[in-house]
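Analysis of the macromolecular model
So you can see what is in the structure, the chains are spelled out below.
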Amino acid sequence: MLQAKTVSNAILSRKTGKELWKDAGLMLICILISRVTILDGLSPFGISFFASVFLFDLSTLPAFLGCMVGTISANSDLSLYYGVAYLIFFVAMSIISKRKTKVGMVTVQTALIGSLAISKLLYHYIDSMLLYDILLAAADIFIAALMVYVFSSVLSVLVEHNKRTILSNEEVICITFFAALIILGSAAMEIYTYSLRNILSIFLIMLFAYIGGTGIGASMGITLGVILSLGSRIDPF
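The present account deals with the structure reproduced in this document. (Residues numbered from 1 in each chain as written. Predicted model: local features only at pLDDT ≥ 70, side-chain atom pairs only at ≥ 80, totals over all residues. Heavy atoms only, no water.)

Overview of the overall build of the protein chain
Within the protein chain, the regular secondary structure consists of nine helices and two strands. In the protein chain, the succession of helices and strands from N to C terminus is α-α-α-α-α-α-α-β-β-α-α. With 237 residues in all, the protein chain has 38% of them scored as buried. Long-range contacts, defined here as pairs at least 24 residues apart, represent 69% of the contacts in the protein chain between residues at least 6 apart. (Helix = DSSP H or I, 4+ residues; strand = E, 2+ residues; numbered from the N terminus. Buried < 20%, exposed > 50% of the residue type's maximum accessible area, 1.4 Å probe, protein only. Contact = heavy atoms within 4.5 Å.)

Here it is, written out as structure tokens:
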């Protein structure tokens with residue numbers, strides 16, 4: 001009896017440790033993705049990935065903390081705007097999750113769009129709002145809502161990796177985009193003066209080319225180039 005109890009305690013502790021590692025990995029991914037900024041400081045990818053977490057019943061608190069840390073560390077002019085959006089979305093989805101047994105895509109998209117819209121109105125209530133700000137907010141909401149579908153495909157592969165043996169072309173593209181965003185989130189990180197972004201970019205291109213052939217490697221390289229160029233600020237003069 002004592003031996004059986006010891007075995008059950010060992011299994012429970014092992015399961016808890018595995019869950020902790022998953023939460024730590026999820027938090028790290030949220031930190032990197034929420035650091036990604038494009039165009040004029042837009043960062044819609046973090047809240048899109050955070051919204052996808054609710055669709056798969058993953059740990060939401062580590063994801064929320066990771067997104068907040070990533071947004072603050074990005075040092076963007078819109079960090080306050082996205083921080084408020086994360087908070088509104090987290091509170092709203094926590095209330096909805098308690099009332100519903102399963103959260104659907106429509107519910108997540110509605111909460112996402114509403115959180116970004118309310119946060120934008122509160123942000124510009126203090127400051128003036130121009131037509132350019134309205135167009136920028138519309139682009140931000142559109143990209144965020146669209147990326148939920150991309151991250152949902154990625155999480156479905158990661159969560160069900162034991163059951164999946166073949167990936168569709170759409171899932172490969174989504175995973176490539178996801179990996180490129182993580183690399184872009186590691187910008188300005190260096191190891192002994194070596195750029196972590198460049199190292200990860202070359203490694204992923206070689207890895208995808210080795211696993212899927214030259215076509216997949218070329219697709220990975222093109223995707224990385226496009227996304228990294230969107231995250232770079234280049235002066236026109």
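On we go from here.
Examining a nonpolar patch on the surface
Nonpolar side chains collect at one region of the surface, where L121, M129, L131, I134 and L135 lie side by side and expose about 520 Å² of accessible area between them. The dominant element in the nonpolar patch, judged by the number of residues it contributes, is helix α6 (residues 131-159), at three residues. Within the fold, L121 resides in helix α5 (residues 105-126). (Patch = residues over 30% accessible without salt bridge, like charges linked within 9 Å, V, L, I, M, F, W, Y side chains within 5 Å. Areas by Shrake-Rupley, 256 points an atom, 1.4 Å probe, with all protein chains shown as cover. Salt bridge = Lys/Arg side-chain N within 4 Å of Asp/Glu carboxyl O.)

Quick word on helix α8 (residues 196-212)
For an α-helix, the turn length of 3.6 residues means that residues three or four places apart are oriented alike. Between its first and last C-alpha, α8 extends 24 Å over 17 residues, near the 24 Å set by a 1.5 Å rise per residue. Taken together, the buried residues of α8 touch α7 (169-185) and α9 (214-230). Just downstream of α8 lies G213, where phi reads positive at about 100°. (Expected span 1.5 Å × (residues − 1).)

Concerning the packing of helix α2 (residues 45-55) against α6
Contact geometry for α2 and α6: axes closest at 8 Å, N-to-C directions at 50°. Classified by the angle their axes make, α2 and α6 are oblique. For the pair α2 and α6, the sense of crossing is right-handed. In contact with F45, I47, S48, F49, A51, S52, V53 and L55 of α2, α6 contributes I143, A144, M147, V148, F151, S152 and L155. Here the contact of α2 with α6 is built from residues that sort into twelve nonpolar, three polar and no charged. (Axes fitted to C-alpha atoms, helices over the stretch in contact; angles between N-to-C directions. Parallel < 35°, antiparallel > 145°, perpendicular 65-115°, else oblique. Left-handed = near helix turned anticlockwise from the far one by under 90°. Nonpolar A, V, L, I, M, F, W, Y, C, P; charged D, E, K, R; others polar.)

What to know about the side chain of T176
Along the chain, T176 falls in helix α7. Judged by relative accessible area, which is 5%, T176 ranks as buried. Leave out the neighbours within four places in its chain, and T176 touches F208, S219, M220 and T223.

Remarks on the nonpolar core
F45, I47, F49, F50, F89, L116 and F151 are the most contacted members of the largest nonpolar core, which has 56 residues in total. Take this core: its biggest share by element is ten residues, from α6. Apart from the residues lying within four places of it in its own chain, the contact partners of F50 are T60, A63, F64, C67, Y86, F89 and F90. (Core = buried A, V, L, I, M, F, W, Y, C linked by side-chain atoms within 4.5 Å.)

Here's the deal with helix α4 (residues 79-99)
The first and last C-alpha atoms of α4 sit 31 Å apart over 21 residues, in line with the 30 Å expected at 1.5 Å per residue. The complete set of buried residues in α4 reads S79, Y81, Y82, G83, A85, Y86, F89, F90 and M93.

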